[in-house]
Amino acid sequence: MANQKLSEQELQAAFNKLNAETEHKWVIEAGKLSKTFTFKDFRQAFGFMTQCALYAEKKDHHPEWFNVYNKVSVQLMTHDVSGLSLKDFDLAKHMDAVAANCQ
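Residues numbered from 1 in each chain as written. Predicted model: local features only at pLDDT ≥ 70, side-chain atom pairs only at ≥ 80, totals over all residues. Heavy atoms only, no water.

Per an unreviewed UniProt entry, the chain goes by the name Putative pterin-4-alpha-carbinolamine dehydratase and belongs to Rhodanobacter aciditrophus. The Sequence similarities (unreviewed entry) field of the UniProt record for the chain holds the comment "Belongs to the pterin-4-alpha-carbinolamine dehydratase family." Turning to the chain, the UniProt annotation filed under Catalytic activity (unreviewed entry) states: "(4aS,6R)-4a-hydroxy-L-erythro-5,6,7,8-tetrahydrobiopterin = (6R)-L-erythro-6,7-dihydrobiopterin + H2O". (UniProt positions renumbered as here; feature names shortened; annotations may be inferred.)

## Some thoughts on the pattern of salt bridges
Any two side chains of opposite charge can pair, on the condition that their charged atoms come close. Tallying each qualifying case throughout the model produces two salt bridges. Across the pair Glu64 and Lys32 runs a salt bridge, and its minimum N-O distance is 2.9 Å. Placement of Glu64 in strand β3 (residues 64–68) and of Lys32 in strand β2 (residues 32–38) is noted, with a sequence separation of 32 residues between them. Of the residues examined, Glu64 reaches a relative accessible area of 26% and is grouped as partly exposed. (Salt bridge = Lys/Arg side-chain N within 4 Å of Asp/Glu carboxyl O. Helix = DSSP H or I, 4+ residues; strand = E, 2+ residues; numbered from the N terminus. Buried < 20%, exposed > 50% of the residue type's maximum accessible area, 1.4 Å probe, protein only.)

## Quick notes on helix α1 (residues 8–20)
With 13 residues, α1 should cover 18 Å at 1.5 Å per step; its first-to-last C-alpha distance of 18 Å lies within 8% of that length. Close packing links the buried residues of α1 with β1 (27–29), β2 and α3 (86–102). (Expected span 1.5 Å × (residues − 1). Contact = heavy atoms within 4.5 Å.)

## Considering the layout of surface pockets
Here the largest pocket is characterised by a volume of approximately 250 Å³. Listing elements by their share of the lining of the largest pocket, those giving two or more residues are β2 and α3. Considering every element that reaches the lining of the largest pocket, the biggest residue donor is α3, with five residues. A per-class count over the lining of the largest pocket returns five nonpolar, five polar and five charged. (1 Å grid on protein atoms, 1.4 Å probe; cavity = no way out; pocket = protein on both sides within 12 Å on 5 of 7 lines; lining within 4 Å. Points joined across faces, edges and corners; volume = space filled by probe spheres on them. Nonpolar A, V, L, I, M, F, W, Y, C, P; charged D, E, K, R; others polar.)

## Some words on the sheet that holds β3
Taken in spatial order, the four strands of this open sheet run β1-β2-β4-β3, and their pairing is antiparallel. Among the strands making up the open sheet, the edge pair consists of β1 and β3. Between one strand axis and the next, the sheet turns through 25° on average, direction left out of account. With respect to the sheet, helix α2 (residues 42–59) is in contact with β2, β3 and β4 (71–76), its orientation differing from that of β3 by roughly 160°. (Pairing = 2+ DSSP bridges. Axes fitted to C-alpha atoms, helices over the stretch in contact; angles between N-to-C directions.)

## Section: the packing of α2 against α3
Two numbers describe how α2 lies on α3: the axes approach to 10 Å, and their chain directions differ by 150°. What the angle tells us is that α2 and α3 run roughly antiparallel. Crossing angle aside, the handedness with which α2 passes α3 is right-handed. Residues Gln44, Phe48, Gln51, Cys52, Tyr55, Ala56 and Lys59 of α2 touch α3, and the partners they reach there are Lys87, Asp90, Leu91, His94, Met95, Val98, Ala99 and Cys102. Residues of the contact of α2 with α3, tallied by class, amount to nine nonpolar, three polar and three charged. (Parallel < 35°, antiparallel > 145°, perpendicular 65-115°, else oblique. Left-handed = near helix turned anticlockwise from the far one by under 90°.)

So, in structure tokens, the structure goes:
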């Protein structure tokens with residue numbers, strides 16, 4: 001089920017659970033799970049990206065992201081299913097945990 005497109009009900013449940021566990025909320029825009037992380041400086045932002053990249057590679061699920069100095073904007077979508085799957089929520093949760101440890 002991790003690589004299956006979520007139904008609207010499954011999507012809403014996963015989205016609510018994800019946002020219940022984090023201070024800075026994720027949003028869904030253009031069918032993608034999106035969030036911008038802000039760090040103290042570039043080194044911290046790049047460290048976050050490095051840790052997340054290693055996890056993403058292990059999970060074979062790669063984010064769309066953009067970095068400028070201390071900000072990292074992320075969009076997640078499972079391209080294989082043309083929508084959101086549990087893989088996106090797993091990666092989002094991991095990113096939140098890494099970001100919390102970078103502060």
